[in-house]
Each structure stands twice: as structure tokens, then as C-alpha cells.
Amino acid sequence: MNIEVKAVHFTLGNETREYLDKKIARIRNAENMIVDLLFTLTKEKDFAAEALVNFRWGVSIHQSEHDFELNPAIDKLMDKLIANISKEKEKVKEKRQ
């Protein structure tokens, strides 16, 4: 699984990167299905956290969240992302049966 994190309009600190890595560890059970996991964290008036997940079978999931603080935006994004990854995983299991 290729993980890329990009910060736009601000510098991503070590604490925030470690926090994101800890959240990414929650999806390790699906890492054999994911080719790329791309994060873009943007600071405008508030923080925007976006993720793009590319699966082996060609499906992509794009998810985004906004919040006035970065960590809550990451939390919301990861919760939605985990739900969508699980949903995609179930779809693949159903097709194989």
C-alpha cells in the first residue's frame, strides 16, 4: 500500500503526521486490497481533509471532511473512509461467492 500525505498552505507537523499514521493503522486489515492511499490536508478558513483510495480492482473512493481544527477533520474523514472501505470489501466478497 502506497501512502502519500500532502499539506497545502501549511506545514504538517510531526505530531499531526503521527496522529494520522495512528488512524491509518486502523485500516491495515484492508491494506492488501488498497494500492494507493492519498491524503491532502488543506488550510483555508478551516481545515479540509481529503482522501483518495485506489483499490486493486480499479475502484476509487474519494472522501472529504471540513473542520475548524485539523485533528477532528482527520477523525471524521477516517471514520467515513473506514466505513466505505468495509463496504467495498463486502461488495467484493459477495461477488466472489
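Refer to the structure printed above.
For clarity, every value in this text was computed on a predicted model and none was experimentally measured. (Residues numbered from 1 in each chain as written. Predicted model: local features only at pLDDT ≥ 70, side-chain atom pairs only at ≥ 80, totals over all residues. Heavy atoms only, no water.)

K.L.:
Teacher, can you tell me more about the packing of helix H1 (residues 14–24) against helix H2 (residues 70–96) here?
P.N.:
For any two helices packed against each other, the geometry comes down to the angle between their axes and how far apart the axes lie. The geometry of H1 relative to H2 is characterised by a closest axis approach of 11 Å and an angle of 15 degrees between their N-to-C directions. Judged on the interaxial angle alone, H2 and H1 are roughly parallel. For the element pair H1 and H2, the recorded crossing hand is right-handed. Every residue of H2 that contacts H1 at Thr-16, Tyr-19, Leu-20, Lys-23 and Ile-24 is listed here: Leu-70, Asn-71, Ile-74, Asp-75 and Met-78. (Axes fitted to C-alpha atoms, helices over the stretch in contact; angles between N-to-C directions. Helix = DSSP H or I, 4+ residues; strand = E, 2+ residues; numbered from the N terminus. Parallel < 35°, antiparallel > 145°, perpendicular 65-115°, else oblique. Left-handed = near helix turned anticlockwise from the far one by under 90°. Contact = heavy atoms within 4.5 Å.)

K.L.:
I tried to follow the nonpolar core on my own but got confused; where do I start?
P.N.:
A general feature of soluble globular proteins is that nonpolar side chains tend to end up buried together. Ile-34, Leu-37, Phe-39, Val-53, Leu-81 and Ile-85 are the most contacted members of the largest nonpolar core, which has 25 residues in total. At the level of elements, H1, strand S2 (34–43), strand S3 (47–55) and H2 are the ones that each hand at least two residues to this core. With sequence-adjacent residues up to four places away left out, Phe-39 is seen in contact with Glu-4, Val-5, Lys-6, Leu-20, Ile-24, Glu-50, Ala-51, Leu-77, Met-78 and Leu-81. (Core = buried A, V, L, I, M, F, W, Y, C linked by side-chain atoms within 4.5 Å. Buried < 20%, exposed > 50% of the residue type's maximum accessible area, 1.4 Å probe, protein only.)

K.L.:
Before we go on, may I ask you to explain the sheet that holds strand S4 (residues 60–67) in this structure?
P.N.:
Strand pairing in a sheet relies on backbone hydrogen bonds, with the paired strands running either antiparallel or parallel. Spatially, 4 strands are ordered S1-S2-S3-S4 in an open sheet, and the strand pairing comes out mixed. Lying at the two open borders of the sheet, with one neighbouring strand each, are strand S1 (2–8) and S4. Direction aside, neighbouring strands of the sheet carry axes that sit 10 degrees apart on average. Of the strand pairs in this sheet, S3 and S4 are connected by 8 bridges, and their pairing is antiparallel. Its bridge partner lying in S4, Asn-54 is registered against Ser-60. Strands S1 and S2 of the sheet are contacted by H1, whose axis makes an angle of about 145 degrees with S1. Helix-sheet contacts for H2 involve S2, S3 and S4, and the interaxial angle to S4 is about 155 degrees. (Pairing = 2+ DSSP bridges.)

K.L.:
Help me out: how do you make sense of the environment of Ala-48 in this one?
P.N.:
With respect to the secondary-structure elements, Ala-48 resides in strand S3. Looking at Ala-48, the relative accessible area reads 10%, which means it is buried. Note: C-alpha distance between Ala-48 and Val-59 (11 residues apart in sequence) is 23 Å.

K.L.:
Got a minute to help me understand H2 in this structure?
P.N.:
With 27 residues, H2 ought to run about 39 Å at 1.5 Å a step, and its terminal C-alpha atoms sit 39 Å apart, in line with that. Burial in H2 covers these residues: Leu-70, Ala-73, Ile-74, Leu-77, Met-78, Leu-81, Ile-82, Ile-85, Glu-88 and Val-92. For H2, the elements touching its buried residues are H1, S2, S3 and S4. (Expected span 1.5 Å × (residues − 1).)

K.L.:
Which parts of the structure should I look at to understand the environment of Thr-40?
P.N.:
Along the chain, Thr-40 turns up in strand S2. Separated by 35 residues in sequence, Thr-40 and Val-5 place their C-alpha atoms 6.0 Å apart. Leaving out residues up to four positions away in the same chain, Thr-40 has contacts with Lys-6, Val-8, Ala-48, Ala-49 and Glu-50.

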